[in-house]
Amino acid sequence: MHRFLQAINKQVLVLDGAMGTMLQERGLAPGASPEGMNLEQPQVVEAVHREYVAAGADIIVTNTFGGNRPKLANYGLEEQVREINIAGVEICRRAAGEQTFIAASVGPTGRFLEPVGDASFDEMFEIYTEQISALAEAGSDLITFETFLDIRELRVAIIAAKAVCDLPLMALMTFDDAGRTVLGTPPEAAAVTLGALGVDVIGSNCGLGIEGIFEILEKMRSVTNLPLIAQANAGLPELRDGVTVFPGTPEEMTAYHQRLIELGVRVIGGCCGTTPAHIEAMQSALTAFDQQWQAPTRRCFLSSRTQVVEVGGDAACAVIGERINPTGKKGYSAELREGKTAYIRREAQQQVAAGADLLDVNCGTPGVDEPVALEGAVFAISGVTGTPLVLDSSSPEALERGLKAADGKVLINSVSGEEKSLAAILPLAKKYGAAIIGLALDGAGIPETANDRLQVARTILDRALALDIPREDVVIDCLTLTVSAEQKRSAETLQALRLVRDELGLATVLGVSNISFGLPSRPVLSAAFFTMALEAGLKAAIINPKDERMMDALRAVKVLLGQDLRAEKYIAHYGQQVAAPAPSAAADDQPLTIRELLAKAIIEGDRDVVASLVDQALNEGLEPLQISNEGLLPGLEEVGRRFGKNQIFLPQVMMSAETMQTGFNRLKEEIHGQQMESLGKVLMATVEGDIHDIGKNIVCTLLENHGFEVIDMGKNVPAARIIERAKAEQVDAVGLSALMTTTLEQMQVTIDALREAGVKVFTMVGGAVVTENYAAEIGADLYAADALEAVAKIKGLLLKDR
Ligand code: THG
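Residues numbered from 1 in each chain as written. Predicted model: local features only at pLDDT ≥ 70, side-chain atom pairs only at ≥ 80, totals over all residues. Heavy atoms only, no water.

Engineer: Quick question: what am I supposed to make of the nonpolar core here?
Structural biologist: The tendency in soluble globular proteins is for nonpolar side chains to be buried as a group. Formed by 177 residues in total, the largest nonpolar core has its most connected members in Phe-145, Phe-530 and Leu-538. No other element matches helix α8 (residues 151-164), which puts eight residues into this core. If we skip the residues at most four places from it in the chain, Phe-530 touches Cys-317, Val-512, Leu-538, Ala-541, Ile-543, Met-550, Ala-553 and Leu-554. (Core = buried A, V, L, I, M, F, W, Y, C linked by side-chain atoms within 4.5 Å. Buried < 20%, exposed > 50% of the residue type's maximum accessible area, 1.4 Å probe, protein only. Helix = DSSP H or I, 4+ residues; strand = E, 2+ residues; numbered from the N terminus. Contact = heavy atoms within 4.5 Å.)

Next comes the structure, spelled out in structure tokens:
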């Protein structure tokens, strides 16, 4: 075992504190790259590391957080990725003591992955392999991924790290006080996805004080058995006499030590506002505690960007919706051939509404490029539901494409006991952090007896274990055979369920409805078999959740097996059913009007159909203004409402905004000559001293998609340059962002300077540490709590002004 992993088994290690703010105090020039200092002023960086080593840090973190190609390109340093990262590790090594671990810092790129942004999985993978291979070659002891907001970007970064080195990995995300990342991921989903990828330590940094970080880690602990890391800011920043301070004293940073250790936190460090004094206090307080820790038992969860679902263990049987499958479905097959996703979107939403916990996705039908179709299906489903996925294909190419598109831990359906399948599919599950369905059949076909199926299951399990795929992540399909063909074999299937559970301790799955092929009243037979299978311990069922008879059986069995405490769910479902009109199939099939279709395309972020819908609307005689005001805009307003209610998150908002843009562009072509004028010109910048730009970039994207002209000046921008540009471009508004409390004052400086220079513009401020009160205090015209609010408020102000 790696020396670092041995060390955290024995004791809690202390990791160092803030780097960026320390460098600024020591002369990092405004507008300069912090990582560039590794080449320009290595002695300054080394001095900071030395202070942390002297303060007792067991782990010091390299100055390479923004050392990836897109970030360095902002400073014209993109050709020095290797040098900068290698220097970062070497500087650390010079400052390190003999026992000090060097953790190489890796941060976000500032780009978004498809379909929300334009970076492909493979491009992002290249970006991270470039940086991480340099960090590993230079001799770092471990890699630490910090301050990630997008679980998909972090997922690619980790897959890249695993491809180029076998160093221990720590992965940390940043959550806001509502308990999600800016892109909508809660700690539980983060923990499941990261755990599946083989990360060694997971946790959270920045954003919150130690109490907030503790609450985040408690949520992670509910779904993971991994060691945790806490890297809090020094308290929640406050404004005192116009100066921002981190109020957390070194002593306060240690107040949660006991609870953190009991939770299984094995690395404690600091983020914004922490200094060597904090690190020293945190280290010396540790000696007072018993640092023994026993990892809890592992359980299997699947995840999406926003949700987790447990499979196996004590959890009740999970419903896997079967309807996204072209078998016997002419309409869906035709859509697959045409590259359309309407059926997929509709069935995803309807099956989830009917009670599906997971969605099976199958795109395999003749005449279809399956890898492309599966990628499209994963994107489409992720856009309309947060339900974790089951990728149903026997093609390794299609599975890999689907796994790249996924944003969480999926279930692969499936691998068989055949050598060819084992060799191709299991490594995919390992690489992309997926659980796997193992079919209890091999080259000789479906074994006759339960015992023979158990043997195949054992082979699959052994092969998975050999690749370090945990046994909890292997789910065995005991194979439902059509009862009309051979009646005795349904008993063998039920017996196999018991054997796999009792002999191997594995969870089981069945495609239940296969049982009734070829017989009349299929639901009668299927529901009866389902009930029997549940009694035999079935943990996941591929069924049609819109089939009431199947769901009736499941809800009843949950009561009978004691999985529905006090029959609460049963009562909630059947208790007041008298008044509720049965949802009629007719209502579902009612065709939507063109206005509704336009709105729906915006809500679902369906870029592929919006242009042709606009054409259709024009053909039906709608005026461009009607199309915009009665179709597209109501859709966008609904997006805003759902975002406000936490029903959807930023990735969907961004996709909707882009769909809006696509629709608008089509309208623009229509009214040639008649220029669709820009709603206004907005200059955006992160203020001097601040190098965070993710929030600002999101606001830029949304403003552009809503029809504004945006001038993005980047980050760490001095007030003088903002004024110069605002004058030259005659902008209508200036939006300023600050993420660090140390840079809050710079907003005031910039706004004052704009006023003194006589530049008449609206000012808007935002960023994690900015409050409505602070905005008012410094005389900003607008405050926005999130990107969507920024767009709405700026729109209100500029349009009113006209
Ligand atoms: N095990 C595993 N995966 C599976 C299966 C399994 N995946 C595919 C299948 N079996 C489970 N999924 C379905 C999907 C659809 C139907 C049955 C099982 C089905 N289709 C109707 C038909 O073909 O007649 C069409 C119904 C309709 O048009 O709505 O019944 O066993 N691991």
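Engineer: Hey, could you run me through the sheet that holds strand β24 (residues 762-766) in this one?
Structural biologist: One key point about sheets: their strands pair by backbone hydrogen bonds, in either a parallel or an antiparallel sense. With parallel pairing, five strands are arranged side by side in an open sheet as β22-β21-β23-β24-β25. The sheet is open, and its two edges are formed by β22 (709-712) and β25 (782-783), each paired on a single side. Direction of pairing for strand β21 (residues 681-686) relative to β22: parallel, over a ladder of four bridges. Paired with Leu-683 across the bridge in β22 is Ile-711. In the packing of helix α29 (residues 719-729) onto the sheet, contacts are made with β21, β22 and β23 (733-737), and the angle to β21 comes to roughly 170°. (Pairing = 2+ DSSP bridges. Axes fitted to C-alpha atoms, helices over the stretch in contact; angles between N-to-C directions.)

Engineer: How should I be thinking about the side chain of Thr-174 in this particular structure?
Structural biologist: Note on placement: Thr-174 falls in the loop between β5 (169-173) and α9 (187-196). You can call Thr-174 buried: its relative accessible area is 11%. Engagement of the side chain of Thr-174 in a polar contact is seen with the backbone oxygen of Asn-205, the distance being 2.9 Å. Once residues within four sequence positions are removed from consideration, Thr-174 is found in contact with Thr-147, Phe-148, Leu-149, Thr-181, Ser-204, Asn-205, Cys-206 and Gly-207. (Polar contact = N/O pair within 3.5 Å; in protein donor to acceptor, adjacent residues only side chain to side chain.)

Engineer: Any chance you could explain the environment of Leu-702 here in plain terms?
Structural biologist: Summarising the element assignment, Leu-702 is placed in helix α28 (residues 694-705). Take Leu-702: its relative accessible area is 0%, and that puts it in the buried class. For the pair Leu-702 and Glu-658, spaced 44 residues apart in sequence, the C-alpha to C-alpha distance is 8.1 Å. What Leu-702 contacts, discounting residues up to four positions off in sequence, is Leu-650, Val-653, Met-654, Ala-657, Ala-787, Leu-788 and Val-791.

Engineer: When you look at the sheet that holds strand β17 (residues 435-439) in this model, what are you seeing that I'm missing?
Structural biologist: Judged by pairing direction, the barrel is parallel, and its eight strands sit side by side in the order β13-β14-β15-β16-β17-β18-β19-β20 before closing back on the first. Strand-to-strand twist in this sheet, taken as the mean axis angle between neighbours without regard to direction, amounts to 30°. In terms of strand pairing, strand β18 (residues 474-477) meets strand β19 (residues 507-511) through three bridges, oriented parallel. Bridging from a neighbouring strand, Val-475 pairs with Ala-507 of β19. Its contacts with the sheet put helix α18 (residues 450-466) on β16 (411-416), β17 and β18, and the angle it makes with β18 is roughly 160°.

Engineer: What should I look at first to understand the site of the ligand in this one?
Structural biologist: Around the ligand, the structure places 17 residues, and the nearest of them are Arg-323, Asp-392, Asn-413, Asp-477 and Asn-514. Arg-323 places a polar side-chain atom, nitrogen or oxygen, 2.7 Å from an oxygen atom of the ligand. Contacts to the ligand include Asp-477, whose side-chain N or O atom sits 2.6 Å from a nitrogen atom. Out of a free accessible area of 670 Å², the ligand has 75% covered by protein chains. Counting only elements with at least two residues in the shell around the ligand, the list comes to β13 (318-324) and β17. For the shell around the ligand, a count of residues per class yields four nonpolar, seven polar and six charged. (Near = heavy atom within 4 Å. Areas by Shrake-Rupley, 256 points an atom, 1.4 Å probe, with all protein chains shown as cover. Nonpolar A, V, L, I, M, F, W, Y, C, P; charged D, E, K, R; others polar.)

Engineer: I would appreciate a short explanation of helix α1 (residues 3-10) in the present structure.
Structural biologist: In an α-helix, one turn spans 3.6 residues, which is why side chains three or four residues apart end up on the same side. Those residues of α1 not exposed but buried are Phe-4, Leu-5, Ala-7 and Ile-8. Down the axis of α1, the smallest arc covering the buried residues is 160°, so these residues share one side. (Arc of directions from axis to C-beta.)

Engineer: Explanation requested: the packing of aromatic side chains in the structure shown.
Structural biologist: Within a pair of aromatic rings, the relevant descriptors are the distance that separates the centres and the angle that separates the planes. The full count for this structure, using the stated rule, is eight aromatic pairs. Between the aromatic rings of Tyr-570 and Tyr-574, the centroid separation amounts to 4.7 Å while the plane-to-plane angle is 45°, which identifies the pairing as tilted. Of this pair, Tyr-570 and Tyr-574 both sit in helix α22 (residues 568-574), four residues apart, which is roughly one turn of that helix. For Tyr-570, a relative accessible area of 34% translates into the label partly exposed. Three or more aromatic residues joined by ring pairs form one cluster here, namely Phe-121, Phe-125 and Tyr-432. In this structure, Arg-522 packs its charged tip against the face of Phe-517, placed 4.2 Å from the ring centre. (Phe/Tyr/Trp six-rings, centres within 6.5 Å; stacked < 30°, edge-to-face > 60°. Lys NZ or Arg CZ within 6 Å of the ring centre and 35° of its normal.)

Engineer: Which parts of the structure should I look at to understand helix α25 (residues 607-619)?
Structural biologist: Turning to α25, its buried residues number three or more, namely Val-610, Leu-613, Val-614, Ala-617 and Leu-618. Viewed along the axis of α25, the buried residues span an arc of 140°, placing them on a single side of the element. Opposite the buried face of α25, by more than 90 degrees, sit the exposed residues Asp-608 and Asn-619. Buried residues in α25 make contact with α24 (594-604), α26 (624-644) and α27 (650-670). Within two residues after α25, Gly-621 carries a phi angle of roughly 95°, on the positive side.

Engineer: Explanation requested: the packing of α8 against α9 in the structure shown.
Structural biologist: Think of two packed helices as two axes; the pair is described by the angle between the axes and how far apart they sit. Closest axis-to-axis distance for the α8/α9 pair is 10 Å, and the angle between their directions is 15°. Considering their axes alone, α8 and α9 lie roughly parallel with respect to each other. Crossing of α8 over α9 shows right-handed handedness. Contacts between α8 and α9 involve Ile-151, Leu-154, Arg-155 and Ile-158 from the first element and Ala-190, Thr-193 and Leu-194 from the second. In the contact of α8 with α9, the residues fall into five nonpolar, one polar and one charged. (Parallel < 35°, antiparallel > 145°, perpendicular 65-115°, else oblique. Left-handed = near helix turned anticlockwise from the far one by under 90°.)

Engineer: When you look at the packing of helix α14 (residues 342-353) against helix α15 (residues 370-384) in this model, what are you seeing that I'm missing?
Structural biologist: Running from N to C, α14 and α15 cross one another at 45°; their axes reach a closest spacing of 9 Å. Accordingly, the angle class assigned to the pair α14 and α15 is oblique. Here α14 runs over α15; the crossing is right-handed. Note on element contacts: α15 touches α14 through Ala-377, Ala-380, Ile-381 and Val-384, opposite Ile-344, Arg-345, Ala-348 and Gln-349. Classifying every residue of the contact of α14 with α15 gives six nonpolar, one polar and one charged.

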